[in-house]
Amino acid sequence: MKKNILKGNDLISIDQLDKNIILSIFKTADKIKKIKPKKALNILKGKVVALLFFEPSTRTFSSHCVAVKRLGGQTIEHQNPMQTSSVVKGETIEDMIKIMEQYSDAIVIRHPVAGTAQICAKTAGIPIVNAGDGIGEHPTQALLDMYTIYEKFKTLDGIKGLMVGDLLNGRTIHSLLKGLSFFKNSIIYLLSPKVLRLSKKELDEFCRRGIKLIEINNLNDIPPDLHFWYWTRVQKERFSDKNEYEKLKLSFILSKDLVDRKAGKKTLLMHPLPRVGEIKTEVDNDPRAVYLTTQAKNGMYVRMALLKMILE
Amino acid sequence: MKKNILKGNDLISIDQLDKNIILSIFKTADKIKKIKPKKALNILKGKVVALLFFEPSTRTFSSHCVAVKRLGGQTIEHQNPMQTSSVVKGETIEDMIKIMEQYSDAIVIRHPVAGTAQICAKTAGIPIVNAGDGIGEHPTQALLDMYTIYEKFKTLDGIKGLMVGDLLNGRTIHSLLKGLSFFKNSIIYLLSPKVLRLSKKELDEFCRRGIKLIEINNLNDIPPDLHFWYWTRVQKERFSDKNEYEKLKLSFILSKDLVDRKAGKKTLLMHPLPRVGEIKTEVDNDPRAVYLTTQAKNGMYVRMALLKMILE
Amino acid sequence: MKKNILKGNDLISIDQLDKNIILSIFKTADKIKKIKPKKALNILKGKVVALLFFEPSTRTFSSHCVAVKRLGGQTIEHQNPMQTSSVVKGETIEDMIKIMEQYSDAIVIRHPVAGTAQICAKTAGIPIVNAGDGIGEHPTQALLDMYTIYEKFKTLDGIKGLMVGDLLNGRTIHSLLKGLSFFKNSIIYLLSPKVLRLSKKELDEFCRRGIKLIEINNLNDIPPDLHFWYWTRVQKERFSDKNEYEKLKLSFILSKDLVDRKAGKKTLLMHPLPRVGEIKTEVDNDPRAVYLTTQAKNGMYVRMALLKMILE
């Protein structure tokens, strides 16, 4: 039997992983999907996971919460610690983490400041899972996105996809590109307003990692038969100039017409959510649209798999 | 054995129910009251219920929360999603609901806007329970109120009661009147400030449904030997003019003296709570006062019964 | 077998306890430390504890939450009831408590106003645990502090310690002094800014209870070989004049240099946390520093012991 190298470890960046670990997470997720709900309750029985969410979240909070509970574990939940914890009295994140370490078996943290998850990992003697740190990384999102593609096409080699929207600030974009770079022959088309393009530094880095990145300028340039389209929201909270945001937020809209004209028969229509207008609701019932269904549900299964592997 | 028509269904309005369903809920509640705590934990084992509360709530949140947990289920809790969820980023309620559907087996929602629960029910493929939507409905409250009367008098036919306070905006009033209209020969006396009376439209509707409604003008007009008095709070949050609220809020006060003068020996003294002065605390220890005890506890049992029937 | 006099009772003040009860709590904590996580889940199976936190808290909320859950119980959690409960509609604490009594088997409450926990205990028919009420008491904190000292030195008689910081407002200080007064021959050195000294009334009271209190004026006066140093934060939230706070907050700082010069080989370095600068992080890795480790973890075990004894 192979060693589970996630056991007892942090998950801060997708960079810690490699092709084999990623595939073993996907296999674990496949298995967990098939376990009966009552039986799954034995997997984390007696374990406690602290959920520290310093930023608003529906999906990431709820899916981690439910992942713990569907495995029979328990949670300590701080959904708004800036208001409800001793952080209001001036406590440092390091002290808070040390204390939560005494009570729990692992900590899932979301924080607005990039690098915070890494600081927590250095501080704590128990596993830390990064659930998004500012413009930093969001590794569990990348894993669920990759799992959704993998589940459909049974491989992550030779994947051709499209990424649209806020490529500069979108941490899910960065984590997903890193994740895909562990596999062979990816070609990713990039479409965004000029000021929200991937930085030159990142373009160079992902090319060096072996992904072929091709910038396109408008929706008409989308090539046919891509494996996935990955739409993203322009992130209002990262803009200091709200007029600039208003101008850019709906630069590229995913509509039924666009799907009819440009999507392949099997093209997955993905979005990390929340969306704020950049995908029309008329697309929701298209069988290729997975953003509200499979992609979200896979978020639960991938997090169940990760927590199982980290805590078992 | 009779079919459980609640199974897999939404509960949005008391209008979906009928006399038989209501009585079967009460029978289920009777049984659940008698189950030992440890044994009840098997009923929803492996199930997850999402609690989405977009409005402040003590009772309704806590009683649904505890109903799930005393049946062995787990919860995803959002007590303040306007601050802690992606709704702050502009996400629609429909998207939030679709996502929660992926993680959970049922959703309990409270929302300030009437009609929201119905929108959620249309959106979701899992059962939605309306825990109050603005001036709309609050069907689980009506059920617990009716169960409290039923438990005492062993019937809901021929019930004579009094409703006092904010009859215009009080959603518990509307849901309870609808619920009683499934039974025969109810006579309900109505007492409220003029501007907070039931609307003509509602008066007509409830009469058409077979309830005899009699408006009275002051506390001295309360007839003797009613089955219940149902006091309600004047709802500050529905007033735009706070002076108007201040003038009206304590128009009718339930005092020990009033109970002594006007209540029957078995009259149940009820209130959906919270109260803000309209029942004096001197009444609390009267054996007929059930608002802080039986009525609240029945809220837990009725919600346990409902969740069991919906999810089993 | 001895009677468990905590069973079914409130814990509002350390004054309710005595030497024997305290030692029996410690024995229960010793045992709980050794139970395997899965086995502990049977102890509160089927029980529900309501956590009502009207003030921000990391440690006290999380440790009570995890204490319930590690014993297999369930929680109803209100971390911010001023915003999320009917208290915003004007509900009294008494009404809220009566309602929570219907749903739960015990209530843990933190509140900014001294005396609130006592009011709740009078109101409720189920056990109330005081998790801190303003400048009042914080008995579970005192118990975990005493347990940490007891565990190290196997006795609480003849203990010599130092208390530093906000001795006027620090409720942990008051509760700990009361707790130590049940044991023999304590000598406690007190060091604080003049305006934050123990009041004359309290000085007199603790002397009457048999503790020898010695006020010192600066760090150089700390005698050698004390059993513990108990540092505390100057409590910003109790100051109306924030300049005054700024002047006083770092009057006495626990540094590595001070530890090297003045601490004994076994001196426990303690703090109830949160700290905001009064202990330098350079002290954290000293083996005598227990504030981020043993002391916090003992908070969980002592609360598990208490809840077990109260609810079993």
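Residues numbered from 1 in each chain as written. Chains lettered and ligands numbered in written order. Predicted model: local features only at pLDDT ≥ 70, side-chain atom pairs only at ≥ 80, totals over all residues. Heavy atoms only, no water.

## Comments concerning the overall build of chain A
Scanning chain A from N- to C-terminus turns up 12 helices and 9 strands. Its C-alpha atoms give chain A a radius of gyration of 19 Å, within 12% of the compact-globule value 20 Å for 312 residues. Taken along the three principal axes of its C-alpha coordinates, chain A extends 55 × 45 × 40 Å. For chain A, with 312 residues in total, the buried portion stands at 63%. (Helix = DSSP H or I, 4+ residues; strand = E, 2+ residues; numbered from the N terminus. Rg over C-alpha atoms; globule rule 2.2 N^0.38 Å. Buried < 20%, exposed > 50% of the residue type's maximum accessible area, 1.4 Å probe, protein only.)

## Quick notes on the pairing of strand β8 (residues 228-231) of chain C
As a general feature of sheets, a regular strand has side chains that alternate between the two faces. All names here are of chain C. Alternating residues of β8 divide into Phe228 and Tyr230 and Trp229 and Trp231, and every residue in both groups is buried. In this structure, strand β5 (residues 160-164) lies alongside β8, joined through 4 bridges in parallel fashion. Considered in β8, the bridge of methionine 163 is made with tyrosine 230. Here β8 pairs with strand β9 (residues 268-270) via 3 bridges, running parallel. Note that in β9 the partner of phenylalanine 228 across the bridge is leucine 268. (Pairing = 2+ DSSP bridges.)

## Quick look at the pairing of strand β2 (residues 74-78) of chain A
All names here are of chain A. Among the 5 residues of β2, 5 are classified as buried, and the element is accordingly described as predominantly covered. The alternating pattern of β2 places Gln74, Ile76 and His78 and Thr75 and Glu77 on opposite faces, both of which are buried. Note: strand β1 (residues 48-53) against β2, 5 bridges, orientation parallel. Across the sheet, leucine 52 pairs through a bridge with histidine 78, a residue of β2.

## Let's talk about the packing of aromatic side chains
Scanning the entire structure with this criterion turns up 15 aromatic pairs over all chains. A ring pair is formed by C:Phe26 and C:Tyr150, whose centres lie 5.2 Å apart and whose planes are at 45 degrees; its orientation type is tilted. You can see C:Phe26 sitting in helix α1 (residues 19-34) and its partner C:Tyr150 sitting in helix α7 (residues 139-153), a full 124 residues away along the chain. One exposure class covers both C:Phe26 and C:Tyr150, and it is buried. Among the aromatic residues, ring-to-ring pairing joins A:Phe26, A:Tyr147 and A:Tyr150 into one connected group. (Phe/Tyr/Trp six-rings, centres within 6.5 Å; stacked < 30°, edge-to-face > 60°.)

## Focus on the relation of the copies chain C and chain B
Aligned on chain B, chain C shows an RMSD of 0.0 Å; the corresponding rotation is 120 degrees and the shift along the axis is 0.0 Å. Taken together, these values place the two copies in the relation of a three-fold axis. The residues that chain C uses at the interface reappear at the interface of chain B in only 8% of cases, marking distinct surfaces. (Least-squares fit on C-alpha atoms with pLDDT ≥ 70 in both. Contact = heavy atoms within 4.5 Å.)

## A word on the relation of the copies chain B and chain A
After a rotation of 120 degrees and a shift along the axis of 0.0 Å, chain B superposes on chain A with an RMSD of 0.0 Å. The share of interface residues of chain B whose copies in chain A are also at the interface is only 8%, consistent with the copies meeting through different surfaces.

## Examining empty space enclosed by the protein
To locate leftover empty space, one rolls a probe as large as a water molecule over the atoms. Residues and elements named next belong to chain A. Summed over the entire model, instances satisfying the criterion amount to 12 cavities of 30 Å³ or more. Considering only enclosed or pocket space, the largest cavity measures out at about 340 Å³ in volume. Put simply, the parts of the chain that give the lining of the largest cavity at least two residues each are α3 (59-70), α7 (139-153), α8 (171-180) and α12 (294-311). Broken down by element, the lining of the largest cavity gets its largest block of residues, 4 residues, from α12. Its residues assigned to classes, the lining of the largest cavity comprises 8 nonpolar, 13 polar and 8 charged. (1 Å grid on protein atoms, 1.4 Å probe; cavity = no way out; pocket = protein on both sides within 12 Å on 5 of 7 lines; lining within 4 Å. Points joined across faces, edges and corners; volume = space filled by probe spheres on them. Nonpolar A, V, L, I, M, F, W, Y, C, P; charged D, E, K, R; others polar.)

## Re unusual backbone geometry
In most cases, non-glycine residues show a negative phi, while peptide bonds are predominantly trans. Here the amide bond leading from A:Leu273 into A:Pro274 is cis, since omega sits at 0 degrees, within 30 degrees of zero. Inspection of the secondary structure puts A:Pro274 in the loop between β9 (268-270) and α12. Here the phi dihedral of C:Leu273 falls at roughly 60 degrees; this positive angle occurs in a residue that is not glycine.

## Concerning the pattern of salt bridges
A pair can form between side chains of opposite charge whenever their charged atoms are brought close. Following the criterion strictly, the structure yields 63 salt bridges over all chains and no others. Across the pair B:Arg59 and C:Glu91 runs a salt bridge, and its minimum N-O distance is 3.1 Å. Taken together, the residues B:Arg59 in helix α3 (residues 59-70) and C:Glu91 in the loop between α4 (81-84) and α5 (93-103) connect one chain to another. Residue B:Arg59 is classed as buried on the basis of its relative accessible area of 8%. Taking the relative accessible area as the measure of exposure, C:Glu91 reaches 5% and is therefore buried. One salt bridge connects B:Lys247 with B:Glu244, and the closest N-O pair in it is separated by 3.9 Å. (Salt bridge = Lys/Arg side-chain N within 4 Å of Asp/Glu carboxyl O.)

## A few points about the environment of B:Gly90
Mapped onto the elements of the fold, B:Gly90 is located in the loop between α4 (81-84) and α5 (93-103). Taking the relative accessible area as the measure of exposure, B:Gly90 reaches 44% and is therefore partly exposed. Separated by 189 residues in the primary sequence, B:Gly90 and B:Ile279 have C-alpha atoms spaced 41 Å apart. Setting aside its immediate chain neighbours within four residues, B:Gly90 contacts A:Arg275 and A:Val276.

## Concerning the sheet that holds strand β2 (residues 74-78) of chain C
All names here are of chain C. Spatially, the 4 strands line up as an open sheet ordered β2-β1-β3-β4, and their pairing is parallel. The two strands at the open ends of the sheet, each matched to only one other strand, are β2 and β4 (128-133). Adjacent strand axes in the sheet meet at a mean angle of 15 degrees, parallel and antiparallel pairs treated alike. (Axes fitted to C-alpha atoms, helices over the stretch in contact; angles between N-to-C directions.)

## Re the interface of chain B and chain A
Contacts between the two partners involve 26 residues from chain B, matched on the other side by 32 residues from chain A. Contact between chain B and chain A buries roughly 2,600 Å² in total, counting both sides, with carbon and sulfur atoms accounting for 52%. One can count 3 salt bridges joining chain B with chain A. Counting across the chain B and chain A interface gives 11 residue pairs in polar contact (both at pLDDT 80 or more). (Buried area = accessible area lost by both parts, 1.4 Å probe. Polar contact = N/O pair within 3.5 Å; in protein donor to acceptor, adjacent residues only side chain to side chain.)

## Notes on the interface of chain C and chain B
The interface is formed by 26 residues belonging to chain C together with 32 residues belonging to chain B. Interface of chain C and chain B: buried area, both sides summed, is about 2,600 Å²; carbon and sulfur atoms make up 52% of it. Our count for the chain C to chain B interface comes out at 3 salt bridges. Mapped onto the side of chain C that touches chain B, the elements with two or more residues apiece are β2, α4 and α5 of chain C.

## Here we look at the sheet that holds strand β2 (residues 74-78) of chain B
Hydrogen bonds between backbone atoms are what pair the strands of a sheet, whose relative direction is either parallel or antiparallel. Residues and elements named next belong to chain B. Pairing in this open sheet of 4 strands is parallel, and the strands run β2-β1-β3-β4 from one edge to the other. One side of each edge strand has no neighbouring strand; the edge strands of this open sheet are β2 and β4 (128-133). Going from strand to strand, the sheet's axes swing by 15 degrees on average, the running direction of each strand aside. Sheet topology note: the strand β3 (residues 106-111)/β4 ladder contains 4 bridges and is parallel. Bridge pairing in β4 links isoleucine 107 to isoleucine 128. Each of β3 and β4 touches helix α6 (residues 116-123); the most contacted strand, β4, lies at about 165 degrees to it.

## As for helix α1 (residues 19-34) of chain B
All names here are of chain B. Taking 1.5 Å as the rise per residue, α1 with 16 residues should run 22 Å; its terminal C-alpha atoms sit 23 Å apart, in good agreement. Among all positions of α1, only Ile21, Ile22, Ile25, Phe26, Thr28, Ala29 and Ile32 are buried. An end-on view of α1 places all buried positions within 160 degrees of arc, on one side of the element. Turned more than 90 degrees away from the buried face of α1 sit Lys27, Lys31 and Lys34, all of them exposed. Of the surrounding elements, those touching the buried residues of α1 are α7 (139-153), α8 (171-180) and α12 (294-311). The opening residue of α1 is aspartate 18, an N-cap whose side-chain oxygen sits 3.0 Å from the backbone nitrogen of asparagine 20. (Expected span 1.5 Å × (residues − 1). Arc of directions from axis to C-beta.)

## Structural notes on the packing of α7(C) against helix α8 (residues 171-180) of chain C
Each packed pair of helices is defined by two parameters, the angle between the axes and the distance between the axes. All names here are of chain C. Viewed as axis vectors pointing N to C, α7 and α8 meet at an angle of 60 degrees, and their least axial separation amounts to 8 Å. On the basis of the axis angle, α7 is oblique to α8. As for the relative orientation of α7 and α8, their crossing is right-handed in sense. When α7 is examined against α8, the residues Pro139, Gln141, Ala142, Asp145 and Met146 are found in contact with a partner set consisting of Thr172, Ser175, Leu176, Gly179 and Leu180. Residue composition of the contact of α7 with α8, grouped by class: 5 nonpolar, 4 polar and 1 charged. (Parallel < 35°, antiparallel > 145°, perpendicular 65-115°, else oblique. Left-handed = near helix turned anticlockwise from the far one by under 90°.)

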